[in-house]
Each structure stands twice: as C-alpha cells, then as structure tokens.
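One-letter residues, chain by chain:
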Amino acid sequence: MTDTFLSGRTALVTGSTSGIGLGIAQALAAAGARVAINGLGDQAQVDAALAAVRDAGAADVRHFNADLRDPAAIETMMAEIDAWSPLDVLVNNAGIQHAVPLAEMPVGKWDDIIAINLSATFHTMRLAMPGMAARGFGRVINVASVHGLVGSVNKAPYVASKHGVLGLGKVAALEYAAAGSRDSGGVTVNAICPGWVETPLIEPQIEARRDGGSRDDGVRALLAEKQPSLRMTLPAEIGALATWLCRREAHNVTGAAFPVDGGWSAQ
Ligand code: NAD
C-alpha cells in the first residue's frame, strides 16, 4: 500500500509540465500531496501533465502559468497558491540550458538562464519560507545539477546558475535551521544534483553526438563522456529522492547537495 504521508500537505513543483519536474510532481502526488504544477507549454501539454499528476494520486492539482523570468509573475503565482492552500513543499526545478563557448554565449541566453535557474529560486524561497517557518514545517528542494558541483565546457551560465543555487540553499538552510521541531518536521533546504536524466532538455546534446548513428548511439556517447555508471537516471528516480526528503524524519537533513550522477562528481 502507498504511504500517503503527504496527505494534507501542498507542494509546488516549478517546471513540471515536462521531464524531472513532472516526475517529482507525480511522486509527491502518489504520497498524497495537493500539487501545484507550473511550466510552459501548450494547452495539450498542460492538460497531459495535470492528468498525469491526478492519476498518480494527487489530492488536488492545479496549473499556475507564471513565466519564471518575470519576478512580478512569480509574486502573483505565489500569492495565488497561498490563497489556494499554504505551501509546505517547494521544489524549484524549472531550468533551461544553452551550450556554446563562453565568448559566443548570447547575452540574452545568459540573462534567461540566470533568471529561470537561479533568480526564480530566490524569489519563490523568499516568498514561501516565512510561512513554512511560522507553521513549523517546510521543505525546499532545489533541483540543481552535477553542474552545481563541477564545471564543463560550453555551459558558463548554466554552471554559474547551478553553483549559485547550491550557495543560496546553504544560506537558507542556516537561516531556517532552528524553525519548527522534531515533531513538526522543521524547515529544510536541500539540493538534488542529477547527472544525465532522460528528459527533453538533453535531446540537443544527444543529437550532437549521434555522428550519423541512432539516438541510442548518441546516448551511449553522452554517458561515456562523464557518467561512469553508463546508465541514464529516470525522472521518477529523482522523484523518489525528493519525496523522501519531505518525510518528517528527514528534519535534520538540511543544507545538503545529493548527487544522482552515476559517479560523475566522484571522479
Ligand atoms: P525539461 O526541458 O524537460 O523541463 C523544463 C521545465 O521547465 C518545463 O516544464 C518547462 O516548461 C519549464 N520552464 C522552462 N522555462 C520556463 C519559464 N520561463 N517559466 C516557467 N517554466 C519554465 O528539463 P528537465 O531535464 O526536466 O530539467 C529540469 C531541471 O533539472 C532543470 O533545472 C535542469 O537544469 C535540471 N537538470 C536536468 C538534467 C538532465 O539531464 N535532464 C541534469 C541535471 C539537472
């Protein structure tokens, strides 16, 4: 039987119309949470994500369509979610990537990557965390990347944003460390640092390594470069870790960064 320990709790997962965010939203739904999803996409994609989260067992699910490049839109979304149901679990997952050498990086790409991957995380945290502290329970889970721990060529804004997410999370973890109690579950802030995960985000990088071969050839080449396990992670596997971090008994797990990278960052 599924353990619905998040019954009565409300979660927001940013960027959950696709990929890892959708996997996390489904995992939190299966644990009984009410889930706010967010992300871009046409109505069909939003409807499909809503259905997937509902089918996973969500107590309730709604889509909030803020464009996370816009701080005013984030403020509106956070107020709307608070009016719907005060937030217990905040998963900052939305992110974009653009891989070209530093000197060729379009300035607009730098601005968008920093805005979505880093600044939006700051905005949602500053708006959500005081309420979590007042209620004695809160979970902030930032989906960073192995690129929050190490660098790679051609990813200057991405690597900068993900290192920033880890620093931001450490500060928030310290500021909120004493909120709540063991019984209430406390307020924690952690980062998940995936290596390669099967999602649309990495398709251009797979495509660039096909070398005339199949998609599987591109995947093998991508894994061989960095990920010693030679296995992709699935979004549901990130969802399982995120869900565990929400448990009451994880009250003292805070300020941490969890690599899920097949040994990439151990090299
Ligand atoms: P994805 O492209 O499948 O999903 C990205 C999500 O972010 C989508 O829902 C999209 O609509 C949303 N989004 C993009 N721009 C937005 C905006 N302006 N406003 C609101 N939402 C926006 O990507 P993914 O692979 O699932 O990535 C999710 C997170 O995981 C990202 O932060 C990414 O950096 C991180 N990550 C991914 C991998 C990987 O291998 N896929 C590895 C490490 C880290």
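Everything numeric in this text was worked out from a predicted model, so none of it was measured.

Draft legend 1. Inspection of the overall build of the protein at higher detail. The secondary structure content of the protein amounts to 8 helices and 7 strands. For the protein, the spread of C-alpha atoms along the three principal axes comes to 55 × 35 × 35 Å. In the protein, buried positions account for 49% of the 267 residues. Counting only contacts in the protein whose residues sit at least 6 apart along the sequence, the fraction spanning at least 24 positions is 74%. A total of about 11,700 Å² of accessible surface is found on the protein, and carbon and sulfur atoms cover 54% of it. When the 21 basic and 26 acidic side-chain charges of the protein are each reduced to a single mean position, those positions are 5 Å apart.

Draft legend 2. Spotlight on the domain arrangement of the protein. By the assigned domains, the protein splits into domain 1 (10-195 + 235-258) and domain 2 (199-232). Measuring from the centre of the C-alpha atoms in domain 1 to the corresponding centre in domain 2 gives 26 Å. The interface of domain 1 with domain 2 comprises 13 residues on the first partner and 7 residues on the second. Our enumeration of links across domain 1 and domain 2 arrives at 0 salt bridges. For the pair domain 1 and domain 2, the number of links is 2 residue pairs in polar contact (both at pLDDT 80 or more). For the side of domain 1 that touches domain 2, the elements supplying multiple residues, two or more each, are helix 1 (19-30) and helix 8 (235-245). Residue composition of the side of domain 1 that touches domain 2, grouped by class: 4 nonpolar, 7 polar and 2 charged.

Draft legend 3. Local environment of helix 8. Taken residue by residue, helix 8 has Pro 235, Ile 238, Gly 239, Ala 242, Thr 243 and Leu 245 as its buried positions. For helix 8, the buried positions fall inside an angular range of 150° around the axis, keeping them on one side. Where helix 8 is buried, its residues touch helix 1, strand 5 (137-143), strand 6 (186-194) and strand 7 (257-260).

Draft legend 4. Main features of the packing of aromatic side chains. Counted according to the given criterion, the structure contains 2 aromatic pairs. For the pair Phe 64 and Trp 84, a centre-to-centre distance of 5.8 Å together with 55° between the ring planes defines the contact as tilted. On the criterion of sequence distance, the pair formed by Phe 64 in strand 3 (residues 60-64) and Trp 84 in helix 3 (residues 71-84) is long-range, its members being 20 residues apart. The residues Phe 64 and Trp 84 share a single accessibility class, namely buried. Here the basic side chain of Arg 247 rests over the ring of Phe 5, its NZ or CZ set 4.2 Å away from the ring centre.

Conventions used here
Residues numbered from 1 in each chain as written. Predicted model: local features only at pLDDT ≥ 70, side-chain atom pairs only at ≥ 80, totals over all residues. Heavy atoms only, no water. Helix = DSSP H or I, 4+ residues; strand = E, 2+ residues; numbered from the N terminus. Buried < 20%, exposed > 50% of the residue type's maximum accessible area, 1.4 Å probe, protein only. Contact = heavy atoms within 4.5 Å. Areas by Shrake-Rupley, 256 points an atom, 1.4 Å probe, with all protein chains shown as cover. Lys, Arg positive; Asp, Glu negative; His and termini not counted. Charge placed at Lys NZ, Arg CZ, Asp CG, Glu CD. Domains from an automatic or database assignment. Salt bridge = Lys/Arg side-chain N within 4 Å of Asp/Glu carboxyl O. Polar contact = N/O pair within 3.5 Å; in protein donor to acceptor, adjacent residues only side chain to side chain. Nonpolar A, V, L, I, M, F, W, Y, C, P; charged D, E, K, R; others polar. Arc of directions from axis to C-beta. Phe/Tyr/Trp six-rings, centres within 6.5 Å; stacked < 30°, edge-to-face > 60°. Lys NZ or Arg CZ within 6 Å of the ring centre and 35° of its normal.

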